Amino acid sequence: MGKTLADARAGGCSGCVETGAFGREAFILTGYFNLPKVLELALHDGVDPRTGRRLGPATGSVSTLDRFDEVFAAFETQMRHVLDVKIAGNQTIERMYARLMPARSSRS
């Protein structure tokens, strides 16, 4: 995989199941994606029922969504919103890692 024996000896576990050559590659955890939460937002008009905070766009509450296709459309709208937020966050974190903590090439 392009790593030297020294790289392998300096590596180890870098997450739940990943192994890596420390300082030679980057495993950047930018958070997880919670699909059931997207459905919950779709059923509660974009509002987190636990906190009362608006996390997504207004798509109607479950009491106003009469058909499955309306619920699914609300789910799709919430999904697009959450994915946009997630991708923007990932890109920000990855830019910070690249600028502040770059991984060295195993050839350097």
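Conventions adopted
- Residues numbered from 1 in each chain as written.
- Predicted model: local features only at pLDDT ≥ 70, side-chain atom pairs only at ≥ 80, totals over all residues.
- Heavy atoms only, no water.
- Helix = DSSP H or I, 4+ residues; strand = E, 2+ residues; numbered from the N terminus.
- Buried < 20%, exposed > 50% of the residue type's maximum accessible area, 1.4 Å probe, protein only.
- Contact = heavy atoms within 4.5 Å.
- Areas by Shrake-Rupley, 256 points an atom, 1.4 Å probe, with all protein chains shown as cover.
- Core = buried A, V, L, I, M, F, W, Y, C linked by side-chain atoms within 4.5 Å.
- Expected span 1.5 Å × (residues − 1).
- pLDDT = per-residue confidence, 0-100.
- Phe/Tyr/Trp six-rings, centres within 6.5 Å; stacked < 30°, edge-to-face > 60°.
- Axes fitted to C-alpha atoms, helices over the stretch in contact; angles between N-to-C directions.
- Parallel < 35°, antiparallel > 145°, perpendicular 65-115°, else oblique.
- Left-handed = near helix turned anticlockwise from the far one by under 90°.
- Nonpolar A, V, L, I, M, F, W, Y, C, P; charged D, E, K, R; others polar.

Chemist: Summarise the overall build of the protein; cite the residues concerned and give the values.
Modeler: A count of helices and strands for the protein gives three helices and two strands. Along the protein, from the amino end to the carboxyl end, the secondary structure elements read α-β-β-α-α. Taking all 108 residues of the protein together, 20% fall into the buried category. For the protein, restricting intrachain contacts to residue pairs at least 6 apart in sequence, the fraction spanning at least 24 positions comes to 41%. When the accessible area of the protein is evaluated, it comes to approximately 7,800 Å², of which 60% is carbon and sulfur surface.

Chemist: How would you sum up the nonpolar core? Please name residues and give values.
Modeler: Counting residues in each nonpolar core, the largest one holds seven residues, listed as V38, A42, L65, V71, A74, F75 and M79. Broken down by secondary-structure element, the contributors of at least two residues to this core are α2 (35-43) and α3 (68-100). With four residues, α3 is the largest single contributor of residues to this core. Excluding residues that lie within four positions of it along the chain, V71 makes contacts with L43 and L65.

Chemist: Any details on α3? Residues and values, ideally.
Modeler: Look at α3: 47 Å from first C-alpha to last across 33 residues, which is about the 48 Å you get at 1.5 Å a residue. Among the residues of α3, V71, A74, F75, Q78, M79, K86 and N90 are the ones counted as buried.

Chemist: Would you mind going over the side chain of T59 in detail, with residue names and values included?
Modeler: Locating T59 in the fold gives a position in the loop between α2 and α3. Owing to a relative accessible area of 17%, T59 belongs among the buried residues under this scheme. Here T59 is in contact with L41, A42, D45, G46, L65, A74, T77 and Q78, once residues within four sequence places are set aside.

Chemist: Can you explain the confidence of the model for the protein? Please cite residues and give values.
Modeler: Of all residues in the protein, 90% have pLDDT values of 70 or greater, and the mean over the chain is 87. Looking across the protein, the model is least confident in strand β2 (residues 19-20), with a mean pLDDT of 77, and most confident in α2, with 97.

Chemist: Any details on the packing of aromatic side chains? Residues and values, ideally.
Modeler: Scanning the entire structure with this criterion turns up two aromatic pairs. Centroid distance F68 to F72: 5.9 Å. Interplanar angle 25°. Geometry classified as stacked. Within this pair, F68 and its partner F72 are both found in helix α3, separated by four residues, close to a single helical turn. On the basis of relative accessible area, F68 is assigned to the exposed category, the value being 65%. On the basis of relative accessibility, which here comes to 38%, the residue F72 falls in the partly exposed class. Here the aromatic residues F68, F72 and F75 are joined through ring pairs into a cluster of three or more.

Chemist: Quick one: what's the story with the packing of α2 against α3, residue by residue and with numbers?
Modeler: The angle between the axes and the distance between the axes are what describe a pair of packed helices. Relative to each other, α2 and α3 sit at 125°, their axes nearing to 8 Å. As the angle between them shows, α2 and α3 are arranged oblique. The two elements α2 and α3 cross, and the hand of that crossing is right-handed. Where α2 abuts α3, its residues L35, V38, L39, L41, A42 and L43 lie against V71, A74, F75, Q78, M79 and V82. For the contact of α2 with α3, a count of residues per class yields 11 nonpolar, one polar and no charged.

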